[in-house]
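What the coordinates show
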Amino acid sequence: MKFISFNSYKGGACRTTTCYNTLPYLAKKLGATSKNPIIVYDADLDSMGLTSLFHANRDKSDDKKRLPYSARNLFIEDESGMITRKVAYFTSVQHDDWFFKHFEKVGEHLGLEDDGAVLFCGVDTNAPTITDDQYKQFADNAPIFSLYRALNLTPAAGQPKAVIFDCAAGVQMSTLRVLMVVARSVLCMRPTTQFRMGTEDYLLNWIPEELSKALDRPEIILLPTSVADVRVPDSDPNCKEAVNELKKMRKKAFLSIQSDIIFQFESEKTRRDLRCTLNSQMIDIANDEVGIPEIERFKWEEGEKEDLLFRNPHALTEREKYLKQRYEKLADLLARD
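Computed from a prediction, not measured in an experiment: that's the story for all the values here. (Residues numbered from 1 in each chain as written. Predicted model: local features only at pLDDT ≥ 70, side-chain atom pairs only at ≥ 80, totals over all residues. Heavy atoms only, no water.)

1. Focus on the pattern of salt bridges
Scanning the model with the defined rule gives 8 salt bridges in all. A salt bridge links aspartate 337 to lysine 2; the nearest nitrogen and oxygen atoms lie 3.6 Å apart. Linking aspartate 337 in the segment after helix H11 (318–335) with lysine 2 in strand E1 (residues 2–7), this pair joins segments that are 335 residues apart in sequence. Residues glutamate 219 and arginine 184 are paired through a salt bridge, measuring 2.8 Å at the closest nitrogen-oxygen approach. With glutamate 219 in strand E7 (residues 219–224) and arginine 184 in strand E6 (residues 184–189), the pair connects residues that are 35 residues apart, well separated along the chain. A relative accessible area of 11% places arginine 184 in the buried class. Residues participating in the shared-partner salt-bridge network are Arg15, Asp44 and Asp166. (Salt bridge = Lys/Arg side-chain N within 4 Å of Asp/Glu carboxyl O. Helix = DSSP H or I, 4+ residues; strand = E, 2+ residues; numbered from the N terminus. Buried < 20%, exposed > 50% of the residue type's maximum accessible area, 1.4 Å probe, protein only.)

What follows is the structure in structure tokens.
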């Protein structure tokens, strides 16, 4: 049973795009089916990027399209008080169709033959913003912890293959709660000095307390995104200079956090190893293999996604085929035991 999140210390790190484009490869590698699906939550309750991409509940004026269950219910109790109890007593996807009743089937949307292989829980755009008081009320006993406990008690034959969270940037309360249940987190960052410094600060100073309380041993997969192509055209008069500058930037940005690190957390009461491993397999400067390359055709604007990397494998350029391989490598890292 895999609990995985996609995070970034600030917005604009291609976090949602990376999550979205990795899903079909991860579903295939894990063997997801309607009986054992991947569960995907849009845990970015304000920006709702995945909700836009899956076109879930986008018409605010139509009450009939309100989601029966919203990702916001992971962090606060619903009005009836039933959600936590329903999740807490959930025992098997095969014998209880609760997920299928409340979540959207998006397998075909992702190019998979089995529409139920990926189930998506979006954000109810009609719902009011969660207040700080509501967050605090359920901080220590949020429904997300009930979900974690219930699914880990489910017999293996009936478990979802994975639960995926696309988190809000930074240290919003929802993000901190997710970090306490995941075993792997993909930490997205652009290859700039600002993102490098901010990401290091995020790891060392912003989130250690939550990771130290995690219910599983958290592993951080550092992922540079939107990496510029070093293969500058020969016709460019600054070709050599441009290539050298890009290589210098990469080395400066990643060398200090290239090897595995064990962070330490110190509080007033106790000092202990954070047990948070920083995985750098998506960063190989020597072989010019760094993160996810920048390719315009597979970016998206809010609510728009015309070209799908996984639907047109025969219409890809060589550079786009390389992009596909990088997403598949990320899926390999997430799928491994």
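2. Comments concerning the pairing of strand E5 (residues 162–167)
For E5, a buried count of 6 out of 6 residues is recorded, marking the element as mostly surrounded by other parts of the structure. Along E5, one buried face is formed by Ala162, Ile164 and Asp166 and the opposite face, lined by Val163, Phe165 and Cys167, is buried too. Two elements, strand E2 (residues 38–43) and E5, share 6 bridges in a ladder whose sense is parallel. Directly across from tyrosine 41, in E5, lies its bridge partner phenylalanine 165. (Pairing = 2+ DSSP bridges.)

3. Thoughts on the nonpolar core
Core analysis: the largest hydrophobic core is formed by 88 residues, its most contacted members being Ile38, Tyr41, Ile164 and Phe165. What phenylalanine 165 contacts, discounting residues up to four positions off in sequence, is Phe3, Ile4, Ser5, Phe6, Tyr41, Ala43, Leu74, Ile144, Val178, Val181 and Val182. (Core = buried A, V, L, I, M, F, W, Y, C linked by side-chain atoms within 4.5 Å. Contact = heavy atoms within 4.5 Å.)

4. With respect to helix H8 (residues 193–206)
In a regular helix each residue adds 1.5 Å, so 14 residues correspond to 20 Å; H8 covers 18 Å between its end C-alpha atoms and thus fits that length. Those residues of H8 that fall on the buried side of the exposure criterion are Phe195, Arg196, Gly198, Thr199, Glu200, Tyr202 and Leu203. (Expected span 1.5 Å × (residues − 1).)

5. What about the packing of helix H1 (residues 15–30) against H11?
With their axes 8 Å apart at the nearest point, H1 and H11 run at an angle of 60 degrees to one another. As for the relative orientation of H1 and H11, their crossing is right-handed in sense. Taken together, the residues of H11 that come into contact with H1 (itself represented by Thr17, Thr18, Asn21, Thr22, Tyr25, Leu26, Lys29 and Leu30) are Lys324, Tyr327, Glu328, Leu330, Ala331, Asp332, Leu334 and Ala335. Considering only residue class, the contact of H1 with H11 consists of 8 nonpolar, 4 polar and 4 charged. (Axes fitted to C-alpha atoms, helices over the stretch in contact; angles between N-to-C directions. Left-handed = near helix turned anticlockwise from the far one by under 90°. Nonpolar A, V, L, I, M, F, W, Y, C, P; charged D, E, K, R; others polar.)

6. Re helix H6 (residues 143–153)
Of all 11 residues that make up H6, 8 are buried, and the element is covered over most of its length. Along H6, the positions that sit buried rather than exposed are Pro143, Ile144, Phe145, Ser146, Leu147, Tyr148, Ala150 and Leu151.

7. Observations regarding the state of the cysteines
Across all of its chains, the model carries 0 disulfides by this definition. Here cysteine 19 stays free of any disulfide, with the sulfur of cysteine 188 as its closest cysteine sulfur at 8.8 Å. Given a relative accessible area of 0%, cysteine 19 falls into the buried group. In this structure cysteine 167 is a free cysteine whose sulfur lies 9.1 Å from that of cysteine 19, the closest cysteine sulfur available. (Disulfide = S-S within 2.5 Å.)

8. Considerations on the environment of aspartate 140
Note that aspartate 140 resides in the loop between helix H5 (132–137) and H6. Its relative accessible area of 76% is what places aspartate 140 among the exposed residues. Taking the C-alpha atoms as reference, aspartate 140 lies 10.0 Å from phenylalanine 75; in sequence the two are 65 residues apart.

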